[in-house]
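Structural description and commentary
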Amino acid sequence: KAGVTQTPRYLIKTRGQQVTLSCSPISGHRSVSWYQQTPGQGLQFLFEYFSETQRNKGNFPGRFSGRQFSNSRSEMNVSTLELGDSALYLCASSTDGGAQPQHFGDGTRLSIL
Amino acid sequence: QKEVEQNSGPLSVPEGAIASLNCTYSDRVSQSFFWYRQYSGKSPELIMSIYSNGDKEDGRFTAQLNKASQYVSLLIRDSQPSDSATYLCAVNRLIQGAQKLVFGQGTRLTINP
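The following paragraphs examine the structure supplied in this document. Fair warning: this is a prediction, and the values are worked out from it, not measured in the lab. (Residues numbered from 1 in each chain as written. Chains lettered and ligands numbered in written order. Predicted model: local features only at pLDDT ≥ 70, side-chain atom pairs only at ≥ 80, totals over all residues. Heavy atoms only, no water.)

1. Let's talk about the state of the cysteines
Residue and element names in this part refer to chain A. Threshold: In plain terms, two cysteine sulfur atoms within 2.5 Å form what is called a disulfide here. Numbering of helices and strands starts at the N terminus; helices are DSSP runs of H or I of at least 4 residues and strands are runs of E of at least 2. Exposed residues in this analysis have more than 50% of their type's maximum accessible area, buried residues have under 20%, and partly exposed residues fall in between, with area computed by a 1.4 Å probe over protein chains only.
On inspection of all chains with the given rule, the structure shows two disulfides over all chains. One disulfide bridge connects C23 with C91, the sulfur atoms lying 1.7 Å from each other. Judged by the sign of its S-S torsion, about -45°, the cystine formed by C23 and C91 is left-handed. Of this pair, C23 sits in strand 3 (residues 19-24) while C91 sits in strand 9 (residues 87-94), and the two are 68 residues apart along the sequence. You'll find C23 and C91 in the same group, each marked buried.

This is the structure in structure tokens:
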């Protein structure tokens, strides 16, 4: 069974640009959660999607947005990039969200110059 | 009080000994508890799930849960150098009607040959 697939693995952007990250969950998993990981803040929850609906949202500015498609694939968008957005962005899928085990993809490492 | 607290370490344990990792959580109604292992530069990998009070064993790993004390731990027996990693404790929380997984900051474990 294929795991969670995130693309791209690495991205370099400059301030003010926008970026879109993609996540394909494990087959059969309908919940996709996004996290930001930095050395100082650890793993911070961004949002969770289930059946194309955002079910939960963390404390991030509106520049961070996401969506989920009918095949459960999800995208995350960050607009007007700031230096502080440099981080590892992780996607995790599960059958039904936070009460169930979540399985992570390899992540997208985003660097802002 | 943080939602999920772990000692950041580093925790140094000799090879062959038992490594003990601890985690406390703030929400009394949490029902699902997970331990993840994260190697440097990699994404978190689920190693244990526990849902009821007591011990759960899987190979060299034992998870222990005490809901009355709001405490969950992970024991690693016969520690190997390959166990050197950061261990993340994760606890589910019900927030605004949706389940969310909250992570501790992680404990860095080093196994010394």
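2. A closer look at the interface of chain B and chain A
Quick note on the threshold: Contact definition: two residues touch when any of their heavy atoms are within 4.5 Å. For this analysis, a salt bridge means a side-chain nitrogen from Lys or Arg found within 4 Å of a carboxyl oxygen belonging to Asp or Glu. Any pair of N or O atoms that falls within 3.5 Å is considered a polar contact. Within protein, one atom must be able to donate a hydrogen and the other to accept it, and sequence-neighbouring residues count only if both atoms are side-chain atoms. Side-chain classes follow a simple rule in which Ala, Val, Leu, Ile, Met, Phe, Trp, Tyr, Cys and Pro form the nonpolar group, Asp, Glu, Lys and Arg form the charged group, and the remainder, Gly included, forms the polar group.
Taken together, the contact pairs 18 residues of chain B with 20 residues of chain A. In this assembly, chain B and chain A are joined by zero salt bridges. Our count for the chain B to chain A interface comes out at six residue pairs in polar contact (both at pLDDT 80 or more). Listing elements by their share of the side of chain B that touches chain A, those giving two or more residues are strand 4 (33-38), strand 5 (45-50), strand 9 (85-95) and strand 10 (98-103) of chain B. At five residues, the largest contribution of residues to the side of chain B that touches chain A is made by strand 10 of chain B. Grouping the amino acids of the side of chain B that touches chain A by side-chain chemistry returns ten nonpolar, seven polar and one charged.

3. A word on the pattern of salt bridges
Residue and element names in this part refer to chain A. In the structure shown here, the tally under the stated rule is eleven salt bridges over all chains. With a closest N to O distance of 2.8 Å, R63 and D85 form a salt bridge. With a gap of 22 residues between them, R63 in the loop between strand 6 (53-57) and strand 7 (64-68) and D85 in the loop between strand 8 (74-78) and strand 9 connect regions that are remote in the sequence. Overall, R63 belongs to the buried group, its relative accessible area being 16%.

4. Observations concerning the side chain of S30 of chain B
All names here are of chain B. Mapping S30 onto the fold places it in the loop between strand 3 (19-25) and strand 4. Judged by its relative accessible area of 1%, S30 falls in the buried class. Within the structure, the side chain of S30 is placed 2.7 Å from the backbone oxygen of N92, a separation counted as a polar contact. Setting aside residues up to four positions removed in sequence, S30 forms contacts with Y25, K67, V91, N92 and R93.

5. With respect to the nonpolar core
The condition that has to hold: Only buried Ala, Val, Leu, Ile, Met, Phe, Trp, Tyr and Cys residues count toward a nonpolar core, and they belong to the same one when joined by side-chain atoms within 4.5 Å.
Counting residues in each nonpolar core, the largest one holds 24 residues, and the members touching the most others are W35, V72, L74, I76 and Y87 of chain B. Every element with two or more residues in this core is listed here: strand 3, strand 4, strand 5, strand 7 (61-66), strand 8 (71-76), strand 9 and strand 11 (107-112) of chain B. Not counting chain neighbours up to four residues away, the residues in contact with I76 of chain B comprise A17, I18, A19, L21, R60, F61, D83, Y87 and L109 of chain B. If you look at the next biggest cluster of nonpolar residues, it comprises 21 residues, including I26, V32, F47 and L110 of chain A.

Taken by themselves, the reported measurements are silent on function.
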